[in-house]
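# Coordinates in review
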Amino acid sequence: MNKKEQYAAWYRQSIENPSQFWEARAHDYLSCFQPWQKVCYWDYTTADIRWFEGAKLNVAYHCLDRHLQHDAQKIALIFERDEPGQSEHITYQTLYEKTCQLANALLQLGVRKGDRVCIYLPMIPEAVIAMLAVARIGAIHSVVFGGFSPQALHDRIKDADCKLVITANEGVRGGKVVPLKANVDQALEIPTSVTQVLVIQNTQTKVPMNVLRDLYYHEVVNHQPKHHEPVPLDAEDPLFILYTSGSTGKPKGVLHTQAGYLLYAAFTFDYVFDYQPQDIYWCTADVGWITGHTYLVYGPLSQGATVVLFEGTPQYPTPSRFWQVVEQHRVTTLYTAPTAIRALMGAGDQYVTAHDRSSLRVLGSVGEPINPEAWQWYYQVVGEKRCPILDTWWQTETGGILLAPFLGVAEQRPGCAGLPFFGVVPAIVDVAGNITPPDVAGDLILRQAWPGQMRTVFGDHKRFVQTYFRKHSGCYLSGDEAKQDQQGYVTVRGRADDVMNISGHRIGTAEVESALVAYHCVIEAAVVSMPDALSGEAMAAYVVLRADYIWESDLEKKLMQQVSAVIGKFAKPKKIYCVEVLPKTRSGKIMRRLLRKIANHELSDLGDVSTLANPESVTALIDALQKKNISSEA
Ligand code: PRX
């Protein structure tokens with residue numbers, strides 16, 4: 001059977017007989033301490049989803065202990081520091097020992113099964129060790145991206161009721177210092193359930209320590225025994241919580257569990273990237289995002305892969321940095337985001353061609369739609385037309401890749417995410433839930449369960465049901481708009497809801513709006529997205545000031561700072577417009593479509609505005625666009 005035939009046969013089986021298909025894959029990828037009794041059960045009305053019930057396993061055991069017999073001296077992590085010329089190789093044996101030491105330390109500090117541990121770290125080996133150690137003792141990690149502000153960190157710590165935080169004195173990215181410990185101090189100023197903070201001395205800088213709460217990581221960890229018996233966990237025990245933005249309200253704590261997630265991470269990693277044991281695999285995503293969880297940590301390490309862990313940014317100290325790393329470590333598989341590809345494309349081909357890329361075999365893309373120009377550049381210049389491009393579509397909620405142009409199976413089509421993975425049944429539907437004709441866009445839904453999908457929103461199962469399973473009953477709603485052609489290829493166009501994707505960062509308009517209205521002189525705010533050549537999407541914000549305030553030039557800066565303080569720098573709007581009134585429908589809804597058009601200067605085609613309760617707002621808005629109270633970030 002060739003690959004195409006095998007894909008077709010497996011796909012059919014995975015849909016017609018999921019239990020049989022996934023049972024066979026679980027035998028291939030899982031080493032359980034106790035076997036499962038039932039492969040799968042799902043009910044999309046109550047959002048009750050369970051895989052491999054009865055099984056006992058440990059995810060850290062899969063990522064470490066299993067490799068010790070034959071591959072103890074194999075390199076698990078190639079750690080590449082922010083500054084070039086400083087890399088460190090960490091074997092599976094060392095990673096195992098360091099993880100066990102931290103697991104023992106956590107137990108000594110009173111962390112128990114089911115407790116939540118917040119990880120707020122730069123891209124250093126301890127970030128991986130921390131995730132594995134927490135998983136090993138059956139606690140639940142909540143990794144918070146180092147770019148989040150103290151307030152955003154506070155909100156996440158509070159929502160998950162974390163007991164302990166693991167952080168570093170500071171991080172270094174692109175030559176800039178990130179004051180992580182200072183952020184944690186600020187985040188914990190208003191009391192939370194956190195009683196202890198473990199601080200890694202990552203740079204020479206000394207930071208203030210709170211004697212009642214803070215402990216140096218090395219003082220607590222380094223003397224611990226290098227062995228720890230992994231705790232057998234139930235298949236559906238929680239593994240981690242990861243916060244992600246939605247179209248309404250505060251970010252959701254997406255909860256993933258043990259067996260289904262691990263199997264899906266391992267199998268998709270192996271199959272999609274055509275993993276070979278001698279590969280040098282590099283996923284550039286931060287561990288603070290789902291790509292970092294699934295395709296930097298759990299997928300590759302469960303397969304015993306050698307993974308590059310990069311602390312820095314694509315353009316520091318020069319736009320050659322990525323290609324230097326590829327050359328130096330002989331990277332075979334590169335998995336990165338369109339934003340990075342576009343930025344590097346803009347810097348010029350000479351930075352790429354100056355470095356030997358003959359080791360590259362596969363190039364992956366994730367996080368946002370890849371525009372055909374960036375696709376072509378990635379394919380032709382970076383991969384020298386030799387390496388297939390894997391445009392992989394998935395989400396924090398899905399746990400792993402759902403759509404991709406699988407190697408040897410699908411055609412290469414720029415901008416098209418390709419075909420469904422096993423067990424994945426995509427459909428494109430209109431508002432009434434009817435399947436759209438081929439090539440007609442609609443809501444991308446998934447009609448069947450797969451093992452890697454999220455199980456609930458931490459602490460709010462009702463929200464899980466309402467967000468994902470209500471609009472099209474009996475189906476999972478992705479929130480994306482897509483179209484599918486006659487051959488089944490899916491092209492994802494972007495979000496269909498009020499979620500923006502800026503440089504691959506998922507940001508809810510509601511979050512930014514509430515950050516803006518929390519500023520004392522703003523009474524109302526509306527945020528919309530605009531296309532952007534570099535970041536894919538950019539954000540425009542419209543604010544209405546209190547009657548006794550007038551727009552001053554420094555207000556824009558202050559509002560930008562406000563968004564940075566509440567969420568993080570990466571969520572800053574590109575433009576802020578001060579307007580007297582927002583256009584609203586008679587039912588009181590802000591007409592975002594109109595705001596989007598105005599922000600994009602599409603003034604000649606504003607569409608139907610007859611449902612506006614305040615049609616005069618349109619002229620006022622256009623006026624505002626042309627006057628001084630419109631400003632843009634430098
Ligand atoms: O809109 C889709 C976009 O990213 C969203 C998921 O974001 P997040 O949960 O942060 O996970 C990102 C990494 C998996 C999706 O709803 N997205 C992701 N991959 C693609 C994409 N859009 C188009 N093409 C992709 N390949």
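Residues numbered from 1 in each chain as written. Predicted model: local features only at pLDDT ≥ 70, side-chain atom pairs only at ≥ 80, totals over all residues. Heavy atoms only, no water.

### Comments concerning the overall build of the chain
On a plain count of helices and strands, the chain comes out with 20 helices and 33 strands. Since a compact globule built from 634 residues should have a radius of gyration of about 26 Å, the 24 Å found for the chain is in line with a globular shape. Taken along its principal axes, the extent of the C-alpha atoms in the chain is 75 × 60 × 55 Å. Burial statistics for the chain: of 634 residues in total, 60% are counted as buried. Sequence-distant contacts in the chain: of pairs separated by 6 or more residues, those separated by 24 or more amount to 71%. Put simply, the chain shows about 24000 Å² of open surface, and 51% of that area lies on carbon and sulfur atoms. Seen as two clouds, the 60 positive and the 67 negative side-chain charges of the chain have centres 2 Å apart. (Helix = DSSP H or I, 4+ residues; strand = E, 2+ residues; numbered from the N terminus. Rg over C-alpha atoms; globule rule 2.2 N^0.38 Å. Buried < 20%, exposed > 50% of the residue type's maximum accessible area, 1.4 Å probe, protein only. Contact = heavy atoms within 4.5 Å. Areas by Shrake-Rupley, 256 points an atom, 1.4 Å probe, with all protein chains shown as cover. Lys, Arg positive; Asp, Glu negative; His and termini not counted. Charge placed at Lys NZ, Arg CZ, Asp CG, Glu CD.)

### Considering the side chain of Arg116
Along the polypeptide, Arg116 turns up in strand S6 (residues 116–120). A polar side-chain atom of Arg116 sits 2.7 Å from the main-chain carbonyl oxygen of Ala160. When residues no more than four places from it in sequence are discounted, the contact partners of Arg116 are Ile140, Ala160, Asp161, Cys162, Lys163, Leu164, Ile241 and Phe458. (Polar contact = N/O pair within 3.5 Å; in protein donor to acceptor, adjacent residues only side chain to side chain.)

### Some words on the pattern of salt bridges
Per the stated rule, a full pass over the model turns up 36 salt bridges. Of the charged contacts, one joins Asp185 and Arg213 as a salt bridge, the two residues approaching to 2.7 Å between their closest N and O atoms. Linking Asp185 in helix H8 (residues 180–187) with Arg213 in the loop between strand S11 (196–200) and strand S12 (214–216), this pair joins segments that are 28 residues apart in sequence. Using a relative accessible area of 22% as the deciding quantity, one classes Asp185 as partly exposed. Residue classification places Arg213 among the buried positions, given a relative accessible area of 14%. (Salt bridge = Lys/Arg side-chain N within 4 Å of Asp/Glu carboxyl O.)

### Some remarks on the packing of aromatic side chains
By the definition in use, this model includes 55 aromatic pairs. Pairing Phe145 with Phe148 gives two aromatic rings, centres 6.1 Å apart and planes at 85°, and the pair type is edge-to-face. Classification of Phe145 as buried rests on a relative accessible area of 7%. Residues Tyr271 and Phe422 carry aromatic rings whose centres are separated by 5.0 Å and whose planes lie at 75° to one another, so their mutual orientation is edge-to-face. Taken as a pair, Tyr271 in helix H10 (residues 259–272) and Phe422 in the loop between strand S22 (419–420) and strand S23 (426–429) lie far apart in primary sequence, 151 residues in all. We note that Tyr271, like Phe422, is buried. Cation over ring: Lys3 sits above Tyr271, and NZ or CZ is 4.6 Å from the ring centre. (Phe/Tyr/Trp six-rings, centres within 6.5 Å; stacked < 30°, edge-to-face > 60°. Lys NZ or Arg CZ within 6 Å of the ring centre and 35° of its normal.)

### As for the site of the ligand
Near the ligand lie 17 residues; those nearest to it are Asp391, Thr392, Thr396, Arg495 and Arg506. Between Glu368 and the ligand, the recorded distance is 3.5 Å, taken from a backbone N or O atom to a nitrogen atom. In the environment of the ligand, an oxygen atom lies 2.5 Å from a nitrogen or oxygen atom belonging to the side chain of Thr396. Looking at the shell around the ligand residue by residue, the classes come out as six nonpolar, six polar and five charged. (Near = heavy atom within 4 Å. Nonpolar A, V, L, I, M, F, W, Y, C, P; charged D, E, K, R; others polar.)

### Structural notes on the pairing of strand S7 (residues 140–143)
The side-chain alternation of S7 yields two buried faces, one formed by Ile140 and Ser142 and the other by His141 and Val143. In this structure, S6 lies alongside S7, joined through four bridges in parallel fashion. Its bridge partner being in S7, Val117 is matched across the sheet by His141. Between the parallel pair S6 and S7, the chain is carried across by helix H6 (residues 125–136), and the sense of this crossover is right-handed. Where S7 lies against strand S14 (residues 238–244), two bridges are found, and the strand directions are parallel. Of the residues in S14, the one forming a bridge with His141 is Phe240. (Pairing = 2+ DSSP bridges. Right-handed = clockwise from strand over helix to strand, strands pointing away.)

### Overview of helix H20 (residues 616–626)
All buried positions along H20 are accounted for by Ser617, Val618, Leu621, Ile622, Ala624 and Leu625. Axial view of H20: buried residues confined to an arc of 155°, hence all on one face. Away from its buried face by more than 90 degrees, H20 exposes Glu616, Thr619 and Gln626. (Arc of directions from axis to C-beta.)

### Section: the sheet that holds strand S27 (residues 490–495)
If you walk across this open sheet you meet the four strands as S23-S24-S26-S27, and the pairing is antiparallel. Only two strands of the sheet have a single partner each, and these edge strands are S23 and S27. Between one strand axis and the next, the sheet turns through 45° on average, direction left out of account. Pairing geometry for S23 and strand S24 (residues 442–446), over four bridges, is antiparallel. When the bridges of S24 are listed, Ala427 appears paired with Ile445. (Axes fitted to C-alpha atoms, helices over the stretch in contact; angles between N-to-C directions.)

### Comments concerning the environment of Thr45
Locating Thr45 in the fold gives a position in the loop between strand S1 (38–43) and strand S2 (48–53). On a C-alpha basis, the gap between Thr45 and Phe469 in space is 6.8 Å, while along the polypeptide they are 424 residues apart. Apart from residues lying up to four places away in sequence, Thr45 is in contact with Val465 and Arg470.

### A look at the pairing of S6
Of all the five residues making up S6, five are buried; the element is thus mostly covered by neighbouring parts of the structure. Burial along S6 is two-sided: Arg116, Cys118 and Tyr120 facing one way and Val117 and Ile119 facing the other are all buried. In the sheet, S6 pairs with strand S8 (residues 164–168) via four bridges, with the strands oriented parallel. Bridged to Val117 within S8 is Leu164.

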